[in-house]
Amino acid sequence: MIVRTRFAPSPTGFLHIGGARTALFSWAYAKKYHGKFILRIEDTDVERSTPAAVQAIMDGMQWLGLDYDEGPFYQMQRMDTYKKVLQTMLDAGTAYYCYCSKEELEILRESQMQQGLKPRYDRRWRPEAGKSLPSIPHNISPVVRFKNPQTGVVTWDDLVKGRIEIANAEMDDLIIARADGTPTYNFCVVVDDWEMGITQVIRGDDHVNNTPRQINMLNALGATIPQYAHLSMILGDDGQKLSKRHGAVSVMQYHDDGYLPEAVLNYLARLGWSHGDAEIFNMQQFCEWFDLDHITPSAAQFNTEKLNWLNAHYIKEANIDELASDIAIRLAKTGVEVKLQPKLQDVLGLYRERANNLNQLARDIAYFYALPQANVVDVEKYITDDILPQLITLKKKLADFDWGRDDGGAVDVGMLISNMVRDSNNLTYPKIAMPLRVMLTGTTQSPNIDAVMRILGKTETLARMEKYLNQKKQ
RNA sequence: GUCCCCAUCGUCUAGAGGCCUAGGACACCUCCCUUUCACGGAGGCGACCGGGGUUCGAAUCCCCGUGGGGACGCCA
């Protein structure tokens, strides 16, 4: 049988990290078994669903490269199907009308809670042989309830958590269609999973308690029961539950925050799943290795440090041209326009090894394209009066020197400085390199200063030195 | 409250009764490389929630605690 998995978000917000991981695992499972991955939008909550959220979810999936084979299917466009199935259940007596008002149910719930009971519908409208039902009120339009079995146990072998058993006595007759006739979540899921031939339902473990109800309905419909895999949740960096109020962000936020999708994907894959000691792997390897029995059943805490480490790895590995166009956009956002010289690829070649974040990388190299503003403290500390003559000498030497083309290479500027240090008896390399750093990069930390100079080019190097040396002379 | 689930270094995890003196990764610390800072390399620190069983033998199986989480909607 061909594997068919699905990702079924409700479009009430962006795609967050937990949803992304659920989608990733469903996607990978389908890929591994050469099956189909289906996207289904569960938008039956008309109040909260928005087209913008649908778009946000699809944007997130696209950024991560989680492509789907079928869909997106929208539940709101499948009403006819649901109503048809609903009618067959009504006809078969596996569902029935209930005329309780919301207020009545509220009162019932509260009194049960007070008695320390699990709040449940008391089946007052459930038709039973020999039972007389209340008389139908005319001012209330009924909901439809599923006639859940009252005895026995629902059991399934969860692909992540193992065998789970829940007694039917714990369940009540859930509402499957609202008073306005629209079907509810548990019912739509059942119909869809059935009709779409879903073979493995991979979803968050907040659905564990829905599973036995869904299995009961599937049975009532004579449908095949899919396998279930319930993924544990992802906790925030602080070990707290993620919520709109606390820490839950869109996966797209990771893009904005300077992360590569490869890093996020690799990180998410490794969060709750493992393949021996493997830490770094691409999605092709992941799809080959992925299996449901190496998923941890316990909740996992998000760790930004490790994500950063993976991000550093993928920045090193990235295609240099793609990296350059990404960085150019990030620089533009901070008001820095990349020029033709120095070539951004060359600059990145010098800097990518040390970066673990794209935004930071962009900030670090901005000085190649926009004049840096050095810190006053650094200027005073390193561009001192006693080093000034040496700097002036160096500048002269650099000016007289043939740098070859501006892209460097032919002539070793570093050698020129080394020679100068060697020929002097009171000069050390750092003593001259640090003020150069401040003048050229505006900071005290950079790659080898001669490498920076070569990429910056002769003209620009001299101009930046000139600026400080003039200042000092006054 | 009731039901369900979970429990190995700070964090992510390996672990299917003897390969465990509990392995790897991130973070942290030390050293090396580096005439700055990173990168990189080599080491180090660091965990089986508690108590009972079962067994020749338990991180692993069972029970009870404890702790954490989830679910109990005309939300999904």
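The rules behind each value
Residues numbered from 1 in each chain as written. Chains lettered and ligands numbered in written order. Predicted model: local features only at pLDDT ≥ 70, side-chain atom pairs only at ≥ 80, totals over all residues. Heavy atoms only, no water. Helix = DSSP H or I, 4+ residues; strand = E, 2+ residues; numbered from the N terminus. Rg over C-alpha atoms; globule rule 2.2 N^0.38 Å. Buried < 20%, exposed > 50% of the residue type's maximum accessible area, 1.4 Å probe, protein only. Contact = heavy atoms within 4.5 Å. Areas by Shrake-Rupley, 256 points an atom, 1.4 Å probe, with all protein chains shown as cover. Lys, Arg positive; Asp, Glu negative; His and termini not counted. Charge placed at Lys NZ, Arg CZ, Asp CG, Glu CD. Pairing = 2+ DSSP bridges. Axes fitted to C-alpha atoms, helices over the stretch in contact; angles between N-to-C directions. Domains from an automatic or database assignment. Buried area = accessible area lost by both parts, 1.4 Å probe. Salt bridge = Lys/Arg side-chain N within 4 Å of Asp/Glu carboxyl O. Polar contact = N/O pair within 3.5 Å; in protein donor to acceptor, adjacent residues only side chain to side chain. Nonpolar A, V, L, I, M, F, W, Y, C, P; charged D, E, K, R; others polar. Core = buried A, V, L, I, M, F, W, Y, C linked by side-chain atoms within 4.5 Å. Near = heavy atom within 4 Å.

### Section: the overall build of chain A
Scanning chain A from terminus to terminus reveals 19 helices and 12 strands. Against the compact-globule benchmark of 23 Å for 474 residues, chain A has a radius of gyration of 32 Å, which places it well outside the compact range. Dimensions along the principal axes, computed over C-alpha positions, put chain A at roughly 110 × 45 × 35 Å. Split into buried and exposed, the 474 residues of chain A put 50% on the buried side. By sequence separation, contacts in chain A at least 24 residues apart represent 75% of the contacts at least 6 residues apart. Per element, the accessible surface of chain A, about 23400 Å² overall, is 50% carbon and sulfur. For chain A, the distance from the average site of its 53 positive side-chain charges to the average site of its 60 negative ones is 2 Å.

### Quick notes on the sheet that holds strand β5 (residues 143–146)
Reading across from one edge, β4-β5-β8 is the order of the 3 strands in this open sheet, with antiparallel pairing throughout. For this open sheet the edge positions go to β4 (95–98) and β8 (175–177), each flanked by a neighbour on one side alone. Strand-to-strand twist in this sheet, taken as the mean axis angle between neighbours without regard to direction, amounts to 45°. As defined by bridge partners, β4 adjoins β5 across 4 bridges and the pair is classed as antiparallel.

### Quick notes on the domain arrangement of chain A
Split by domain assignment, chain A resolves into domain 1 (318–368) and domain 2 (376–473). Taking only C-alpha atoms, the centre of domain 1 and the centre of domain 2 are 23 Å apart. Contact with domain 1, which involves 8 residues of that partner, is made by 9 residues of domain 2. Buried area between domain 1 and domain 2, summed over both chains or domains, comes out near 830 Å², and the portion from carbon and sulfur atoms is 69%. Broken down residue by residue, the surface that domain 1 buries against domain 2 is led by L350, Y367 and F368, which jointly contribute 60%. Linking domain 1 with domain 2 are 0 salt bridges, by the criterion used here. On the surface where domain 1 and domain 2 come into contact, there are 1 residue pair in polar contact (both at pLDDT 80 or more). Here the residues of the side of domain 1 that touches domain 2 sort into 6 nonpolar, no polar and 2 charged.

### Points about the nonpolar core
Core analysis: the largest hydrophobic core is formed by 104 residues, its most contacted members being L24, F286, I327, I365 and F368. If you tally residues by element for this core, the top one is helix α1 (residues 17–32), at 9 residues. When residues of this core are sorted by domain, at least three fall in each of domain 1 (318–368) and domain 2 (376–473). Excluding residues that lie within four positions of it along the chain, L24 makes contacts with L66, L265, L268, A269, M283 and F286. In this structure, L86, F146, I176 and V201 belong to the second largest nonpolar core, which totals 32 residues.

### Observations concerning the protein's contact with RNA strand B
Taken together, 59 residues are adjacent to RNA strand B, and D45, G116, R178, R354 and S446 come closest. By atom count, sugar and phosphate contribute 68% of the portion of RNA strand B lying within 4 Å of the protein. In this structure, a base oxygen belonging to RNA strand B sits 3.0 Å away from a main-chain N or O atom of A179. In this structure, Q445 approaches RNA strand B through a side-chain N or O atom, which is 3.2 Å from a sugar or linking oxygen. Of all elements in the fold, only α4 (102–114), β7 (162–167), β12 (300–301), α10 (304–317) and α17 (429–441) reach the threshold of two or more residues within the surface near RNA strand B. When the residues that make up the surface near RNA strand B are grouped by side-chain class, the tally is 19 nonpolar, 18 polar and 22 charged.

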